[in-house]
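Descriptive structure summary
Residue-level listing of the chains:
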Amino acid sequence: MPPIRALVPVLAVCSTLSVGAAACASGSATRQVAAYITVPSSSPSTPAQRQQLARSRFALSAGLAAGTVREWIVQPWKSGEFADGAQGRAATLLKAGLAGTFAYDRLKGARYNAKGDPALARALAPVSASIDALKYLPGKLRQGDAAAVAAFDAVIRKVKAAGKSAGVPVHNQVPSGPQLARG
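**Quick notes on the side chain of D117**
- Residue position: D117 is located in the loop between α4 (89-114) and α5 (118-124).
- What makes D117 buried here is its relative accessible area of 0%.
- A polar side-chain atom of D117 sits 3.1 Å from the main-chain amide nitrogen of L120.
- Other than its neighbours up to four places away in sequence, D117 contacts Q51, A54 and R55.

**Thoughts on the pattern of salt bridges**
- Under the definition given, this model contains 5 salt bridges.
- Measuring nitrogen to oxygen at the nearest pair gives 3.7 Å for the salt bridge that ties D153 to R157. Linking D153 with R157, this pair stays in helix α8 (residues 146-165), spanning 4 residues, or about one helical turn.

**Quick word on the packing of helix α3 (residues 47-78) against α4**
- Put simply, α3 and α4 touch, their axes get as near as 8 Å, and they point 160° apart. By the angle between their directions, the pair α3 and α4 is classed as roughly antiparallel. Of the two possible hands of crossing, α3 and α4 adopt the one that is left-handed.

**Regarding the nonpolar core**
- One finds F58, I73, L107, L141, F152 and V159 to be the most contacted residues of the largest nonpolar core, which totals 35 residues.
- Listing elements by their share of this core, those giving two or more residues are α3, α4, α5, α7 (137-142) and α8.
- The element that contributes the greatest number of residues to this core is α3, accounting for 9 residues.
- Beyond its immediate sequence surroundings of up to four residues, L141 is in contact with I73, F82, L93, A96, G97, G100, A148, V149 and F152.

**Observations regarding the confidence of the model for the protein**
- Averaged over the protein, the pLDDT score is 82; the fraction of residues at 70 or greater is 75%.
- The model gives residues 29-36 a pLDDT under 50, and that stretch makes 2 contacts with residues more than four places away or in other chains.

**Thoughts on the packing of α3 against α8**
- Running from N to C, α3 and α8 cross one another at 150°; their axes reach a closest spacing of 10 Å. As far as their axial angle goes, α8 and α3 are roughly antiparallel. Judged by the sense of rotation from one axis to the other, the crossing of α3 with α8 is left-handed. In contact with F58, A62, A65, A66, V69, I73, V74 and W77 of α3, α8 contributes A146, V149, F152, D153, I156, V159, K160 and G163.

**What to know about the side chain of T92**
- Here T92 is to be found in helix α4.
- Relative accessible area serves as the criterion here: at 10%, T92 is assigned to the buried category.
- Within the structure, T92 has its side chain in polar contact with the backbone oxygen of G88 (distance 2.9 Å).
- When near neighbours in sequence (up to four residues on either side) are disregarded, T92 contacts P76, E81 and F82.

**Description of the environment of R50**
- Along the chain, the position of R50 falls in helix α3.
- For the pair R50 and G116, spaced 66 residues apart in the sequence, the C-alpha separation amounts to 7.0 Å.

**Let's talk about α3**
- Taking 1.5 Å of rise per residue, 32 residues should cover 46 Å, and α3 covers 44 Å from first to last C-alpha, within 8% of that figure.
- A bend of about 40° at R70 is the largest found in α3.
- Phi for G80, located one or two positions after α3, is positive at around 85°.

The rules behind each value
- Residues numbered from 1 in each chain as written.
- Predicted model: local features only at pLDDT ≥ 70, side-chain atom pairs only at ≥ 80, totals over all residues.
- Heavy atoms only, no water.
- Helix = DSSP H or I, 4+ residues; strand = E, 2+ residues; numbered from the N terminus.
- Buried < 20%, exposed > 50% of the residue type's maximum accessible area, 1.4 Å probe, protein only.
- Polar contact = N/O pair within 3.5 Å; in protein donor to acceptor, adjacent residues only side chain to side chain.
- Contact = heavy atoms within 4.5 Å.
- Salt bridge = Lys/Arg side-chain N within 4 Å of Asp/Glu carboxyl O.
- Axes fitted to C-alpha atoms, helices over the stretch in contact; angles between N-to-C directions.
- Parallel < 35°, antiparallel > 145°, perpendicular 65-115°, else oblique.
- Left-handed = near helix turned anticlockwise from the far one by under 90°.
- Core = buried A, V, L, I, M, F, W, Y, C linked by side-chain atoms within 4.5 Å.
- pLDDT = per-residue confidence, 0-100.
- Expected span 1.5 Å × (residues − 1).
- Bend = angle between axes of the 7 residues up to and from the residue.

And the structure:
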């Protein structure tokens with residue numbers, strides 16, 4: 001516990017600031033100062049900026065989903081880590097299930113972000129039902145179902161093709177383990 005002498009200056013500064021803020025809050029000084037303070041807006045202001053932001057968010061979300069599926073689902077399956085008797089099979093299947101959940105979430109995010117760009121929305125419309133069909137596949141991945149692997153891979157290819165046709169290339173981005181766990 002710090003000595004009381006160390007807290008005295010801190011308390012003095014805090015009380016001075018709070019008294020000063022209370023005195024200025026009701027007066028015109030606050031309004032005059034506020035007129036000169038500008039807070040940058042985090043939201044885009046023009047339709048073109050909103051559309052570009054939607055395209056960027058789509059590319060990021062779809063890229064994370066694609067990288068996740070490739071790294072933790074497709075590659076382990078191709079290398080035989082899902083096979084009965086494979087060393088570390090349980091951990092691999094658990095990671096694949098977690099990766100499937102993450103990829104499904106990012107694909108839903110990509111679909112949502114595509115709504116901000118008319119070309120992306122049109123290109124992604126036929127893939128929307130395929131994304132919804134992935135909802136229950138992470139559980140099947142945990143059981144080692146090869147059809148679930150193929151379904152995830154097929155949807156990722158469709159999303160990448162839809163992005164490319166709308167002029168938004170999707171590049172695989174692999175999240176770290178903690179990012180994957182956070183969702």
